[in-house]
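# Survey of secondary and tertiary structure
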Amino acid sequence: MNSTVTQSYHYSTMFAQRDFSNLPAWLPPLQRAAESRFAELGFPGRNDEEWRFTDIRPIAEIPFHPASPDMVAPEAVEAFSFPGIPQIVFVNGRYAPDLSTITRLPAGVTVTPLSHALRGSGGLLEPHLGRYANFERHPFVALNTAFFEDGAFVYLPRDAAIEQPIHVLYLATEGNSVSHPRTLIVAEENSGATLVESYAGVQDAVYFTNAVTEVVLAEHANIDHYKLQRESDSAFHIAQMNVRLNRSSTFSSHSITFGGAITRNDVLAMLGAEHIECTLNGLYIVDGRRLVDNHTTIDHAMPNCNSHEVYKGILDGRSRGVFNGKIFVRQDAQKTDAKQTNRTLLLSENAQINTKPQLEIFADDVKCTHGATVGQLNADQLFYLRTRGLPLAQARALLVYAFASDIVSRIRVEAVREALDSQLQVLGNRF
């Protein structure tokens, strides 16, 4: 029996043991449908075009068990926190109230665990939860939808704004375990917030994080979003974020990946009305034999919308990177302005990048550009720095830092930017 069939049976057995008694009536049918679909799809293989550069057999071959609740010392969380930013913390996929620091919010604003919201009426959840991330086509989304028990729910009523950033921290502490964090962000008309969604874990632990985030913005809503992946270098991280934007809304997301043995980030943004602004930026830094795969899709369905995308990668050792960026411009999407750039820095002869920027344009009055560059450290720049007295290692570190800091400098949250800037300097010295 192959690993896909074996693990499908493994997860079906775990699903049969689930307790749905405390859930609202509309949720169990959704989760059962998702489990059934995962059993049909199984784990994706190399013959799947969307996964042909990413071999996920190491995930499929390990019989991960559900993560257990765990007590974590505040000192362990501080390493992944940001000074002055309130946070809601989940340990092994479960809400940790003693580690969470959100106390005061504007009237009507909700930042709460999904598990708490589901035990209530769930009226705010039902129209959105599971409605944007498509489990029919994506097996890992199906797996998450079937198994999620907790995660963050952020709700912004009309005209509400959170001035201070909110940090959602998912921390893994248990080896050989799997968790399925689910994040739902709903921003009503003319609302706004800055959210930092981060994933971290115990160094060297082997575990599997399978995350799904759904974001829906009503008219004139504004979400500034940051995703930070600082998992164990031995962990597996698969994540999909689906964003639905409405008229005159603005969404920006910066994805930063430093950890993980295998990381896959999917971002799908649907621009479903006019005058939308969407920005997707990313930075990934890997070494050893680790792999990072970024797939992005921006779907321009209506006219007069703008999208901007810059992804940068730094690869060392025998690491591999994948970037597949798709921009669809549909027939009705006239006056679209879409720009996409992917740049990769290879620090080793054995590092490898597979990059595929794509444009599919069915409208004729548009401004769309895309491009990809792959290169090594500039020999002239290295020579210049060395003539100024810098040792070779320090000169290399400085150039690596300069390449990466272009993305980090775009982060508008000072505490996050400073923390990542410090980590960049450490990583630069490692290479």
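Our subject is the structure listed above.
What comes next concerns the included structure. This structure is a prediction, so every number in the text was calculated from the model and none was measured. (Residues numbered from 1 in each chain as written. Predicted model: local features only at pLDDT ≥ 70, side-chain atom pairs only at ≥ 80, totals over all residues. Heavy atoms only, no water.)

If you tally the helices and strands in the protein chain, you get 9 helices and 21 strands. For 431 residues, the compact-globule estimate of 2.2 N^0.38 gives 22 Å, and the C-alpha radius of gyration of the protein chain, at 21 Å, lies within 12% of that figure. Taken along the three principal axes of its C-alpha coordinates, the protein chain extends 70 × 50 × 45 Å. In the protein chain, which comprises 431 residues, the share counted as buried stands at 57%. Sequence separation of 24 or more characterises 84% of the internal contacts of the protein chain that already satisfy a separation of 6 or more. Per element, the accessible surface of the protein chain, about 17800 Å² overall, is 48% carbon and sulfur. (Helix = DSSP H or I, 4+ residues; strand = E, 2+ residues; numbered from the N terminus. Rg over C-alpha atoms; globule rule 2.2 N^0.38 Å. Buried < 20%, exposed > 50% of the residue type's maximum accessible area, 1.4 Å probe, protein only. Contact = heavy atoms within 4.5 Å. Areas by Shrake-Rupley, 256 points an atom, 1.4 Å probe, with all protein chains shown as cover.)

Let us now look at the pattern of salt bridges. Tallying each qualifying case throughout the model produces 20 salt bridges. For R46, the salt bridge goes to D55, with nearest N and O atoms at 3.7 Å. R46 sits in the partly exposed class, given a relative accessible area of 44%. On the accessibility criterion, D55 (18% relative accessible area) is buried. If you follow the salt bridges from partner to partner, you end up with R37, E40 and E136 in one network. (Salt bridge = Lys/Arg side-chain N within 4 Å of Asp/Glu carboxyl O.)

On to helix α2 (residues 27-41). Helix length check: α2 (15 residues) gives 21 Å between terminal C-alpha atoms against 21 Å at 1.5 Å per residue, within 8%. Buried residues of α2: L27, P28, L30, Q31, A34, E35 and F38, and no others. Here the buried residues of α2 occupy an arc of 160° about the axis, which is enough to place them on one side. Positive phi shows up at G42, right after α2, with a value of about 65°. (Expected span 1.5 Å × (residues − 1). Arc of directions from axis to C-beta.)

If you check helix α9 (residues 414-430), its first and last C-alpha atoms are 25 Å apart, about what 17 residues at 1.5 Å a residue would give, namely 24 Å. Within α9, the full set of buried residues consists of A415, V416, L420, L424, L427 and G428. In this fold, the buried residues of α9 make contact with β9 (192-201), β11 (222-230), β13 (250-257), β15 (277-286) and α8 (392-408).

The subject of this paragraph is the packing of aromatic side chains. Under the counting rule described, the total for this entry stands at 16 aromatic pairs. When the ring of Y11 is compared with that of F43, the centres are 6.1 Å apart and the planes differ by 65°; the resulting orientation is edge-to-face. In this pair, Y11 is assigned in helix α1 (residues 3-16) and F43 in the loop between α2 and α3 (57-60), connecting sequence segments 32 residues apart. Grouping residues by exposure puts Y11 and F43 together as buried. An angle of 40° between the planes, with centres 5.4 Å apart, marks the rings of Y311 and F323 as tilted. Of this pair, Y311 sits in strand β17 (residues 306-315) while F323 sits in strand β18 (residues 320-329), placing them 12 residues apart in sequence. Residue Y311 shares its accessibility class with F323, and that shared class is buried. Feature note: the residues Y11, F15, F20, F38, F43, W51, F64, F140, F147, F208 and F236 constitute an aromatic cluster, connected by ring pairs. Over the face of the ring belonging to F20 we find R32, whose NZ or CZ atom lies 4.7 Å from the ring centre. (Phe/Tyr/Trp six-rings, centres within 6.5 Å; stacked < 30°, edge-to-face > 60°. Lys NZ or Arg CZ within 6 Å of the ring centre and 35° of its normal.)

Here strand β6 (residues 166-172) lies mainly inside the structure; 7 of its 7 residues are buried. Neither face of β6 is open: one carries I166, V168, Y170 and A172, the other H167, L169 and L171, and all of them are buried. Across 5 bridges, strand β2 (residues 87-91) lies against β6 in parallel orientation. Note on β6: the bridge partner recorded for V91 is L171. (Pairing = 2+ DSSP bridges.)

Moving on, we get to unusual backbone geometry. Despite not being glycine, N176 shows a phi value in the positive range, around 60°. On the secondary structure map, N176 appears in the loop between β6 and β7 (177-179). Positive phi, close to 75°, is recorded for D204, a residue that is not glycine. The residue D204 is located in the loop between β9 and β10 (208-217) in this model. Given a relative accessible area of 55%, D204 falls into the exposed group.

The next point concerns the environment of A419. Turning to its location among the elements, A419 is positioned in helix α9. Residues A419 and F82, 337 residues apart in the sequence, show an inter-C-alpha distance of 7.6 Å.

Next up on the list: the side chain of R264. Note that R264 resides in strand β14 (residues 262-271). By relative accessible area, which is 1% here, R264 ends up buried. Within the local environment of R264, its side chain forms a polar contact with the backbone oxygen of E50, the two atoms lying 2.9 Å apart. With residues up to four places along the chain from it excluded, the contact list for R264 reads E50, W51, H237, I238, A239, D293 and H295. (Polar contact = N/O pair within 3.5 Å; in protein donor to acceptor, adjacent residues only side chain to side chain.)

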